[in-house]
Amino acid sequence: MSAADTIQRLDKQQLARRVARDIPEGAYVNLGIGLPTQVANYLDTAGDYFLHSENGILGMGPAPDEDHIDWDLINAGKQPVTLLNGGCFFHHGDSFSMMRGGHIDICVMGAYQVSTRGDLANWHTGDPDAIPAVGGAMDLAIGAKQVFVMMNLLTKTGESKLVEHCTYPLTGLGCVSRIYSELGVIDLGPDGAKVVEMVDNLTLEHLREMTGVDLTMAQ
Amino acid sequence: MIDKQVRTVAEALEGLQDGAAIMISGFGEAGVPAELIDGVVAQGACDLTIISNNAGTGDVGIAALIGAGRVRKVICSYPRMVGSRHFEERYRAGELELELVPQGNLAARIQAAGSGLGAIFTPTGYGTKLAEGKETREIDGRQYVLEYPIQADVALVKAYKADRWGNLVYRKAARNFGPIMAMAGKTTIVQVEDIDPLGTLDPETVVTPGIFVDRIVRIADAGKAAA
């Protein structure tokens with residue numbers, strides 16, 4: 001058996017918990033559709049966090065019970081949500097000014113590919129038969145002060161989603177600051193990819209081998 | 001006396017012509033002026049350009065218009081949704097033009113139209129396929145893409161309440177594109193659940209001032225839970 005079998009990969013819930021640990025109280029945060037939404041489950045309930053939804057909500061709360069579903073109160077994934085005390089509504093112009101204008105502290109998104117310099121590809125696979133749809137991904141990518149990508153570094157077939165150059169259509173250039181993955185946390189930037197932490201029983205050499213990209217340890 | 005209320009949807013849509021560009025408020029199902037869209041289906045105008053965040057699902061609303069072959073072009077950010085088969089069929093058949101716009105650029109271009117701006121420089125989309133062939137400029141060390149306003153002949157908007165001057169109040173996240181589209185339509189037509197007597201809407205809560213509204217039609221929403 002290879003060393004790979006002892007690597008303590010994070011599962012989705014552990015990953016969501018890990019991302020939540022890096023979101024400070026008081027942060028204005030946009031959580032993308034899908035897995036990033038789970039991060040909300042691990043934010044300290046005693047603290048004040050401001051969840052933003054692109055369709056015009058700040059102070060978004062969890063899903064309602066069945067008796068309190070209101071279809072005028074939905075999130076970006078079109079699922080029913082609630083409004084916390086102190087939450088508010090606004091129109092789409094203001095909502096995207098919050099992103100583009102640099103007022104959102106952190107956004108968490110998924111990705112198809114991320115480059116070591118922080119280029120993001122997460123809106124289109126490039127398949128010519130696919131119906132293209134972009135939503136708010138490009139605005140969030142370039143607008144939030146910090147863009148966290150939450151994804152498995154390796155696809156099911158073992159290909160690395162962290163690459164030197166994205167081959168999928170880009171969402172934004174140099175916009176991702178950090179990747180949270182099943183294998184560890186990696187900072188990205190003009191100087192390349194720097195490993196901040198790795199899961200147990202994983203070595204830098206092994207991580208380089210699996211991803212095929214140049215990685216160094218963060219100082 | 002000025003009273004912008006009309007009695008029927010058909011009256012509200014009077015003058016809608018073939019080839020019109022129509023803005024339609026809403027995000028998913030919230031804030032979609034469903035009865036006004038039904039009215040467009042019944043009215044018969046064709047060769048339409050639809051400007052909306054989504055391109056409809058199922059067999060109702062924008063999807064019904066597309067399914068009936070009445071739409072030439074869609075300008076939106078997210079046409080692919082569960083049940084968006086009418087869009088998919090027409091698009092794949094090459095019968096429907098799509099201008100895909102990042103959602104924030106869609107909002108900003110609509111705002112530019114309503115605000116009388118000639119164009120905007122936006123950082124969103126720079127370096128991506130959606131900015132290919134577009135003019136760019138570096139301003140203060142950052143790269144921007146030149147984008148033009150999106151004009152509409154008619155804006156169809158759903159709000160919660162109005163008064164006869166056209167002042168509008170919205171409900172929760174159903175506000176979404178309503179206020180900015182109301183400003184961008186040459187003719188803005190609004191469906192509301194209630195029309196209150198002049199002076200009874202709290203002026204501090206009015207989101208869309210009546211100057212942006214041309215016609216109001218009341219559609220009681222019997223289906224909504226009292227919550």
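The name recorded for chain B in an unreviewed UniProt entry is 3-oxoacid CoA-transferase subunit A, from Altericroceibacterium indicum.

**Student:** So what exactly am I meant to see when it comes to the overall build of chain A here?
**Tutor:** From N to C terminus, chain A includes 4 helices and 13 strands. Against the globule reference of 17 Å for 219 residues, chain A gives a C-alpha radius of gyration of 18 Å, in line with a compact fold. Here the C-alpha coordinates of chain A stretch approximately 50 × 40 × 35 Å along the principal axes. In chain A, which comprises 219 residues, the share counted as buried stands at 54%. At a minimum sequence separation of 6, the contacts of chain A that also span at least 24 residues come to 60%. In the structure as shown, chain A presents an accessible area of about 10,100 Å², 48% of it carried by carbon and sulfur atoms.

**Student:** Where do I start with the overall build of chain B in this structure?
**Tutor:** Broken down by element type, chain B carries 6 helices and 14 strands. In summary, chain B has a C-alpha radius of gyration of 18 Å against a globular reference of 17 Å for 227 residues, a match within 12%. Along the longest, intermediate and shortest principal axes, the C-alpha atoms of chain B span 50 × 45 × 35 Å. Looking at chain B residue by residue over its 227 residues, the buried ones come to 53%. Across chain B, the centroid of the 24 positively charged side chains sits 2 Å from that of the 28 negatively charged ones.

**Student:** Hey, could you run me through the pairing of strand β12 (residues 185–192) of chain B in this one?
**Tutor:** On a regular strand, one side chain projects to one face of the sheet and the next to the other, so that they alternate. Residues and elements named next belong to chain B. Extensive coverage of β12 is indicated by the burial of 6 of its 8 residues. Here strand β9 (residues 152–158) runs beside β12; their pairing, made up of 6 bridges, is parallel. By the bridge assignment for β12, A155 is matched with T188. Here β12 pairs with strand β14 (residues 215–218) via 4 bridges, running parallel. Counted as the bridge partner of I189 is R215 from β14.

**Student:** I tried to follow the interface of chain A and chain B on my own but got confused; where do I start?
**Tutor:** One widely used convention gives an interface's size as the accessible area the parts lose upon coming together. At the interface, 34 residues of chain A touch 44 residues of chain B. Here chain A and chain B share an interface that buries about 3,300 Å² over both sides, 63% of which is from carbon and sulfur atoms. Counting the surface chain A buries against chain B, the share from its top three residues, A:D72, A:H92 and A:I131, is 22%. Our count for the chain A to chain B interface comes out at 3 salt bridges. The residue A:D72 makes a salt bridge to B:R171 at a minimum N-O spacing of 2.8 Å. Linking chain A with chain B are 19 residue pairs in polar contact (both at pLDDT 80 or more), by the criterion used here. The set of elements that each furnish at least two residues to the side of chain A that touches chain B consists of α2 (92–100) and α3 (137–143) of chain A. If you tally residues by element for the side of chain A that touches chain B, the top one is α2(A), at 4 residues. Here the residues of the side of chain A that touches chain B sort into 18 nonpolar, 9 polar and 7 charged.

**Student:** Got a minute to help me understand the side chain of A:D70 in this structure?
**Tutor:** Along the polypeptide, A:D70 turns up in the loop between β3 (57–61) and β4 (82–89). Of note is the side chain of A:D70, whose polar atom sits 2.7 Å from the side chain of B:R171.

The rules we used
- Residues numbered from 1 in each chain as written.
- Chains lettered and ligands numbered in written order.
- Predicted model: local features only at pLDDT ≥ 70, side-chain atom pairs only at ≥ 80, totals over all residues.
- Heavy atoms only, no water.
- Helix = DSSP H or I, 4+ residues; strand = E, 2+ residues; numbered from the N terminus.
- Rg over C-alpha atoms; globule rule 2.2 N^0.38 Å.
- Buried < 20%, exposed > 50% of the residue type's maximum accessible area, 1.4 Å probe, protein only.
- Contact = heavy atoms within 4.5 Å.
- Areas by Shrake-Rupley, 256 points an atom, 1.4 Å probe, with all protein chains shown as cover.
- Lys, Arg positive; Asp, Glu negative; His and termini not counted.
- Charge placed at Lys NZ, Arg CZ, Asp CG, Glu CD.
- Pairing = 2+ DSSP bridges.
- Buried area = accessible area lost by both parts, 1.4 Å probe.
- Salt bridge = Lys/Arg side-chain N within 4 Å of Asp/Glu carboxyl O.
- Polar contact = N/O pair within 3.5 Å; in protein donor to acceptor, adjacent residues only side chain to side chain.
- Nonpolar A, V, L, I, M, F, W, Y, C, P; charged D, E, K, R; others polar.

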